[in-house]
Amino acid sequence: MSESKRTGRELEIALSNAKQNITLLRTQLQTGRIDAKYFDQRLEALATLLEDIDAENKNVKSQRRVAALYEVSRVIGSSLNLQTVLDQVMDAIIQLTGAERGFLMLLDDDGKLNVKVARNFDQETLGKEDMAFSRTITRQVFETGTPVVTTNAQEDPRYAGQASIIAHAMRSIMASPLRARGQIIGVVYVDNRIRAGLFSEEDLDALDAFATQAAVALDNARLYTQTDAQLQARLEELQILQWIDRQLNESLDANRTMHLTLEWASRLAHAHAASMGLIDYNEGAIYITATYGERSPFADTMQISLQHPLIAEVIEAGRAVQDGTLCVPIRLENTVIGVMVFAAEDVVFDDNALELVSRMADRAAIALKNGQLYQAVKAADLAKTEFVSVVAHELKVPMTSIRGYASMLGMVGPLQDRQNEFVNVIVNNVERMKILVDDLSDISRIESGQLKIDIQSIDVANIANQAVDGVMAQMQDRGHEFKQNIAPQLPPVMADPSRLVQVLVNLMSNAYKYTPDGGKITFSIQPDGNAVQFSIQDTGIGMTPEQVAKLGTKFFRVAENEHVAQQSGTGLGFVITRNLIELMGGSLDIASEVGKGSTFSFRLPVA
Ligand code: ADP
């Protein structure tokens, strides 16, 4: 490209000089006085001027190209949205070349060149009806990788015979390949159906430069979209894994853990079916413990030998093996404890699927281990409960006998006062032992979830009478004023009758025990909406909020209090009472103040 020797302003002056010179030469011609040498000099000057103007023109065009190229780079830098980039790049190309329309085609995964952008001069996207362009030319450019320009396709021997060229009266056409990372990824194509001779070889250079820029932009945007999509997928995977983790952590049931793991691992790996098996090394076999989907691998046999080639390889290698199916080990501390086998129709499991499924296997191993530990703890608990109930039973038999014979001592002959006193001590202590043994067996059953309660519709007044009968003597012995505030017409409630008596006796016993003699104890039962409210109030020693908070702890007693120390007790009664109320669907409220007294209340639903 030649450079103009003169600036724009100098050219303007030269042009006006040239006009004057032409007028002068014309006058010389008319008068017939021609100085040949002068004439030749002027013509020479005019020729130089024309060359300069031409060069300047080209310069302006190339400046416009540079500006347009700059515009394209700016667009590319400012947006990673593929369609925005494509549209803007194409608009810039159309503006620059003066083309009527522009198309950008990319090679898609299906191996076809598909139109991604179709724009007109007014920066509008073209509709289907305007989509006619020369596919011969685009194909040729794509296949040869060489750009093409034709100034009048109608007369160009290369294309004149093509149906589309004739049908759409195509004239100026220019097309250039899009290259990214050494590969042709598509074609840019601009045309003008009305004007012939629109494009020059230099325009083709410009188009090529655009194509290079556009290809880079496209590649970036595509990569970005992919990275974005991959990130999104990763995020979703993480969310799913987090959800599964939570589910697995909550589940201590091995069966559920295995089904959950298998189902989610299959979904994540896009497997249509899968099986999970746990290894029994003593038996030298794997037992299928969970299956997912139809026709899951090994579903027809429940037991597979560890000699099975695929299984043997996975155990030996300690990592996943792909062989038509995907076989993933479930490892716990360097030992393969099981396998998951996945099957998919025409899917080769990729690294991502493999990694995901392996992660799931690790989680499953931990969950299964937790489940096993939980089962072991549960079994130990059960054993403890059984032991305590056997011991309790074995103790109760001789205790009943001791109590019986002690009471009968006086029946076989008169007893001296001292002897009577001793008999009373024996009876009282056997009573205390009985309470302790009963409490122990209740606690152990509550803790292992073995305590069965029998909820039924019950008559409250009857239960209240039974409970009062159990404590009346002690109330009187201790000189307490015992007030009953029981509503006359109470609806039946849902509760276990003997357990409700136990609860009320426990609370009233505490009330009389932890109230200095001569106090006041009030037992109230009142209807309260859809429930019945029970409450026991005393004017006793009371408790601090810290002591109240510790009430649910086994064997807790306010030991530092002298009054408490004087009362017999185990520190188990309250734990049992609270649990029984909760098992019956109520909850216990405590209000207490040191030196003033305490109120224990709970509500049970009306039947
Ligand atoms: P126990 O009466 O066998 O010691 P509980 O479990 O029934 O065991 O009660 C635990 C402790 O709570 C008691 O030892 C006592 O310190 C305190 N407590 C229970 N009820 C009352 C009450 N009504 N007033 C004051 N303190 C109480």
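Owing to the predicted nature of the structure, the values given are computational and were not obtained by experimental measurement.

*Asks:* Which residues make up the overall build of the protein, and what are the values?
*Replies:* Of regular secondary structure, the protein possesses 15 helices and 18 strands. Rg of the C-alpha trace for the protein: 49 Å, well past the compact-globule value of 25 Å for 607 residues, more than 25% over. Structurally, the protein occupies a C-alpha span of about 180 × 65 × 45 Å along its principal axes. The buried share of the protein, taken over its 607 residues, is 40%. For the protein, the computed accessible surface area is about 33200 Å², with 52% contributed by carbon and sulfur atoms. Counting 57 positive and 77 negative side-chain charges, the protein places the centres of these two groups 5 Å from one another.

*Asks:* Any details on the pattern of salt bridges? Residues and values, ideally.
*Replies:* Under the counting rule described, the total for this entry stands at 17 salt bridges. Residues joined in a network through salt bridges with shared partners are Asp87, Asp91 and Arg119.

*Asks:* I'd like a description of the domain arrangement of the protein, backed by residues and values.
*Replies:* Under the domain assignment used here, the protein contains domain 1 (1–78), domain 2 (79–227) and domain 3 (456–605). With centres defined by C-alpha atoms, the gap from domain 1 to domain 3 works out at 114 Å.

*Asks:* Explain the site of the ligand to me, and be specific about the residues and the numbers.
*Replies:* Around the ligand sit 20 residues in total, of which Asn510, Tyr514, Arg557, Thr570 and Phe574 are the nearest. A distance of 2.7 Å separates an oxygen atom of the ligand from a polar atom in the backbone of Phe574. When isolated, the ligand has an accessible area of 540 Å², and the protein chains bury 98% of it. Of all the secondary-structure elements, those providing two or more residues to the shell around the ligand are helix H12 (497–513), helix H15 (573–583) and strand E18 (597–605). Here the residues of the shell around the ligand are counted per class, giving 10 nonpolar, seven polar and three charged.

*Asks:* Can you tell me about the nonpolar core, naming the residues and giving the values?
*Replies:* By size, the foremost hydrophobic cluster in this structure holds 49 residues, and its most contacted members are Leu500, Leu504, Met508, Phe523, Phe534 and Phe602. Counting 31 residues, the second-largest nonpolar core is a separate cluster that includes Met276, Met360, Ala361 and Leu368.

*Asks:* Explain the packing of helix H9 (residues 351–408) against helix H10 (residues 417–447) residue by residue, including any values.
*Replies:* Relative orientation of the contacting elements H9 and H10 amounts to 160 degrees, with a least axis distance of 9 Å. Classed by the angle they form, the pair H9 and H10 counts as roughly antiparallel. Crossing geometry of H9 relative to H10 is assigned as left-handed.

*Asks:* An account of the packing of aromatic side chains is requested, with residue identities and associated values reported.
*Replies:* The final tally for this structure, using the stated rule, is five aromatic pairs. Taken together, a centroid distance of 4.8 Å and an interplanar angle of 40 degrees make the contact between Phe103 and Phe133 tilted. Here the residue Phe103 occupies a position in strand E1 (residues 101–107), and Phe133 occupies one in the loop between strand E2 (113–120) and helix H4 (135–144), the gap between them amounting to 30 residues. Among the residues examined, Phe103 registers a relative accessible area of 0% and is labelled buried. Following the ring pairs from residue to residue traces out a cluster consisting of Phe103, Phe133 and Tyr189. Directly above the ring of Trp264 sits Arg267, whose terminal nitrogen or CZ lies 4.7 Å from the centroid.

*Asks:* Break down the sheet that holds strand E16 (residues 531–538) for me, citing the residues and quoting the values.
*Replies:* Pairing is mixed across the open sheet formed by five strands, whose spatial order is E13-E15-E16-E18-E17. A strand with exactly one partner marks an edge of an open sheet, and here the two such strands are strand E13 (481–486) and strand E17 (588–593). With direction set aside, neighbouring strand axes in the sheet form an average angle of 10 degrees. Relative to the sheet, H12 contacts E13, strand E15 (520–528), E16, E17 and E18, its axis offset from that of E16 by approximately 25 degrees. Running over the sheet, H15 touches E17 and E18 and is turned about 140 degrees from E17.

*Asks:* Describe the sheet that holds strand E5 (residues 183–192), with residues and values.
*Replies:* Backbone-to-backbone hydrogen bonds join strands into a sheet, with any given pair of strands oriented parallel or antiparallel. Read from one edge of the open sheet, five strands run E2-E1-E5-E4-E3, paired in antiparallel fashion. The open sheet terminates on both sides in strands that have one partner only, identified here as E2 and strand E3 (148–150). Between one strand and the next, the sheet's axes are offset by a mean angle of 15 degrees, whatever the strand orientation. Judged from the three bridges that link them, E3 and strand E4 (residues 172–180) form a sheet pairing that is antiparallel. In the strand pairing of E4, Thr150 is matched with Ile173. Running over the sheet, helix H3 (residues 82–97) touches E1, E2, E4 and E5 and is turned about 55 degrees from E2. In this fold H4 packs onto E1, E2, E3, E4 and E5, with an angle of close to 145 degrees to the strand it touches most, E5.

*Asks:* Tell me about the environment of Val117, residues and numbers included.
*Replies:* With respect to the secondary-structure elements, Val117 resides in strand E2. The exposure class of Val117 is buried, given its relative accessible area of 1%. C-alpha of Val117 to C-alpha of Leu86: the two residues are 31 residues apart in sequence and 6.6 Å apart in space. Residues within four places of Val117 in sequence aside, it is in contact with Gln83, Leu86, Asp87, Met90, Gly102, Phe103 and Leu104.

*Asks:* I'd like a description of the side chain of Ser524, backed by residues and values.
*Replies:* Mapped onto the fold, Ser524 is located in strand E15. Given the relative accessible area of 13%, Ser524 is considered buried. Leave out the neighbours within four places in its chain, and Ser524 touches Asn485, Gln533, Phe534 and Ser535.

*Asks:* How would you summarise unusual backbone geometry if you had to cite specific residues and measurements?
*Replies:* Glycine aside, residues mostly have negative phi, and peptide bonds are mostly found in the trans state. If you check the backbone angles, His270 has positive phi at about 60 degrees while not being a glycine. In this structure, His270 sits in the loop between helix H7 (254–269) and strand E6 (273–280). A positive phi angle is found at Phe555, which is not glycine, with a value near 65 degrees. Tracing the sequence through the fold places Phe555 in the loop between helix H13 (545–549) and helix H14 (562–566).

About the criteria used
Residues numbered from 1 in each chain as written. Predicted model: local features only at pLDDT ≥ 70, side-chain atom pairs only at ≥ 80, totals over all residues. Heavy atoms only, no water. Helix = DSSP H or I, 4+ residues; strand = E, 2+ residues; numbered from the N terminus. Rg over C-alpha atoms; globule rule 2.2 N^0.38 Å. Buried < 20%, exposed > 50% of the residue type's maximum accessible area, 1.4 Å probe, protein only. Areas by Shrake-Rupley, 256 points an atom, 1.4 Å probe, with all protein chains shown as cover. Lys, Arg positive; Asp, Glu negative; His and termini not counted. Charge placed at Lys NZ, Arg CZ, Asp CG, Glu CD. Salt bridge = Lys/Arg side-chain N within 4 Å of Asp/Glu carboxyl O. Domains from an automatic or database assignment. Near = heavy atom within 4 Å. Polar contact = N/O pair within 3.5 Å; in protein donor to acceptor, adjacent residues only side chain to side chain. Nonpolar A, V, L, I, M, F, W, Y, C, P; charged D, E, K, R; others polar. Core = buried A, V, L, I, M, F, W, Y, C linked by side-chain atoms within 4.5 Å. Axes fitted to C-alpha atoms, helices over the stretch in contact; angles between N-to-C directions. Parallel < 35°, antiparallel > 145°, perpendicular 65-115°, else oblique. Left-handed = near helix turned anticlockwise from the far one by under 90°. Phe/Tyr/Trp six-rings, centres within 6.5 Å; stacked < 30°, edge-to-face > 60°. Lys NZ or Arg CZ within 6 Å of the ring centre and 35° of its normal. Pairing = 2+ DSSP bridges. Contact = heavy atoms within 4.5 Å.

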